[in-house]
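Inside the fold
Here is what each chain is made of, one letter per residue.
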Amino acid sequence: HPSFAGVAIHHYDSYRKLADRTQPIVEPVETLRITSPREGGKVGRFTTVSGVAATKYAGSQVKVSLLPEGDIWYEQGSGEVSSGGRWQVDCHIGSEVTPAGTRFTIKAELEGEVVEIHVVKG
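Read on for an overview of the structure. As the structure is a computational prediction, the values presented were derived from the model and not from experiment. (Residues numbered from 1 in each chain as written. Predicted model: local features only at pLDDT ≥ 70, side-chain atom pairs only at ≥ 80, totals over all residues. Heavy atoms only, no water.)

Thoughts on the pattern of salt bridges
Summed over the entire model, instances satisfying the criterion amount to three salt bridges. Between Glu109 and Lys63 there is a salt bridge, and its shortest N-O distance comes to 3.7 Å. One end of the pair, Glu109, is in strand E7 (residues 103-110); the other, Lys63, is in strand E4 (residues 61-68), with 46 residues separating them in the sequence. By relative accessible area, Glu109 is classed as partly exposed at 23%. Measuring nitrogen to oxygen at the nearest pair gives 3.9 Å for the salt bridge that ties Glu109 to Lys107. The class for Lys107 is buried, based on a relative accessible area of 15%. Here the residues in one salt-bridge network are Lys63, Lys107 and Glu109, joined through shared partners. (Salt bridge = Lys/Arg side-chain N within 4 Å of Asp/Glu carboxyl O. Helix = DSSP H or I, 4+ residues; strand = E, 2+ residues; numbered from the N terminus. Buried < 20%, exposed > 50% of the residue type's maximum accessible area, 1.4 Å probe, protein only.)

Let's talk about the pairing of E4
A regular strand places its side chains so that they alternate between the two faces of the sheet. Of the strand pairs in this sheet, E4 and strand E5 (residues 74-80) are connected by six bridges, and their pairing is antiparallel. What sits directly across from Leu66, in E5, is Tyr74. Adjacent in sequence and paired antiparallel, E4 and E5 are bridged by five residues, among which Gly70 carries a positive phi angle near 70 degrees. Looking at chain direction, E4 and E7 are connected through six bridges and run antiparallel. Across the sheet, residue Leu67 finds its bridge partner in E7, namely Thr105. (Pairing = 2+ DSSP bridges.)

Details of the nonpolar core
Within soluble globular proteins, side chains that are nonpolar tend to cluster in buried spots. If you look at the biggest cluster of nonpolar residues, it comprises 21 residues, and the most contacted ones within it are Val62, Val64, Trp87 and Ile106. Mapped onto this core, the elements with two or more residues apiece are strand E1 (32-36), strand E3 (46-53), E4, strand E6 (86-92), E7 and strand E8 (113-121). For this core, the leading source of residues is E7, giving four residues. Excluding anything up to four places from it in sequence, Val64 contacts Val49, Tyr74, Glu75, Gln76, Gly77, Trp87, Val89, Cys91, Ile106, Lys107 and Ala108. (Core = buried A, V, L, I, M, F, W, Y, C linked by side-chain atoms within 4.5 Å. Contact = heavy atoms within 4.5 Å.)

Some remarks on the sheet that holds E5
The five strands are arranged E2-E8-E7-E4-E5 in an open sheet whose pairing can be described as mixed. Lying at the two open borders of the sheet, with one neighbouring strand each, are strand E2 (42-43) and E5. Alignment of E2 against E8, held across two bridges, turns out to be parallel. Bridging from a neighbouring strand, Val43 pairs with Lys121 of E8.

Brief notes about the environment of Thr105
Here Thr105 is to be found in strand E7. On the accessibility criterion, Thr105 (11% relative accessible area) is buried. Taking the C-alpha atoms as reference points, Thr105 and Trp73, 32 residues apart in sequence, are found 8.9 Å from one another. Contact partners of Thr105, with chain neighbours within four places excluded, come to Ser65, Leu66, Leu67, Trp73, Glu116, Ile117 and His118.

Written out as structure tokens, the structure reads:
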């Protein structure tokens, strides 16, 4: 436009792209992911399992269960998905007599989607 004398106006797209890069990059979550503890990690007797879900599931319940090696699934409870997609459930990893080194599978379920990780009681 003549009133701008051509200064920087033709660079608008470059400036806009640069400004857009300053926004935090958020990795999209398709449905459900466990973020803590990590796969293969050591966990204590009392552990909080947390994760993220797609924000469209806000208000839905994520159910968490544990499977000690060679045993049956033990339901630990459920946590509500927040508006930001975060959820958490407090868990009991075995009992006080469960030896260190026992392997567990942690399972999270949300509306038919299931994710699992494997941990070791430390």
